[in-house]
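Next come the chains, spelled out residue by residue.
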Amino acid sequence: MAKYICPTCDYLYDEYYGGPAPKIEPGTTWEQLPEDWHCPHCGEPKKYFELCRRADGKQDD
Ligand SMILES: [Zn+2]
């Protein structure tokens, strides 16, 4: 499971946990998020988020 970080407020979207507002079910991958999804804290659009590689190391692109 990957994590994506908001460049503006450092909100972390974790695919394992999903997210709030609008509710994202746990296990929802980044690709499954709607294109108009945005940061629940600051409203930053999905496209500006950056892949966060720090926690579990390997990614399978
Ligand atoms: Zn944000």
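Residues numbered from 1 in each chain as written. Predicted model: local features only at pLDDT ≥ 70, side-chain atom pairs only at ≥ 80, totals over all residues.

All right, on to the sheet that holds strand 3 (residues 50-52) then. Either a parallel or an antiparallel arrangement is found when strands of a sheet pair, and the pairing is made through backbone hydrogen bonds. Sheet architecture is open: three strands sit in the order 2-1-3, paired in antiparallel fashion. Because the sheet does not close on itself, it has two edges, and the strands there are strand 2 (12-14) and strand 3. The mean angle between the axes of side-by-side strands here comes to 35°, regardless of whether they run parallel or antiparallel. The sheet contact formed by strand 1 (residues 3-5) and strand 3 spans three bridges and is antiparallel. When the bridges of strand 3 are listed, Lys3 appears paired with Cys52. (Pairing = 2+ DSSP bridges. Helix = DSSP H or I, 4+ residues; strand = E, 2+ residues; numbered from the N terminus. Axes fitted to C-alpha atoms, helices over the stretch in contact; angles between N-to-C directions.)

What follows is about the environment of Glu50. By secondary structure assignment, the location of Glu50 is in strand 3. Among the residues examined, Glu50 registers 10 C-beta atoms within 10 Å and is labelled exposed. When the C-alpha atoms of Glu50 and Lys3 are compared, they prove to be 8.6 Å apart, with 47 residues separating the residues in sequence. In contact with Glu50, not counting residues within four places along its chain, are Tyr4, Ile5 and Pro7. (Buried ≥ 20, exposed ≤ 12 C-beta atoms within 10 Å, placed from the backbone. Contact = placed C-beta atoms within 7 Å.)

This part takes up the environment of His38. For His38, the position within the fold is in the loop between strand 2 and strand 3. Once the C-alpha coordinates of His38 and Cys6 are considered, the two residues, 32 residues apart in sequence, prove to be 9.3 Å apart. Filtering out sequence-adjacent residues up to four positions away, His38 remains in contact with Gly43, Glu44, Pro45 and Lys46.

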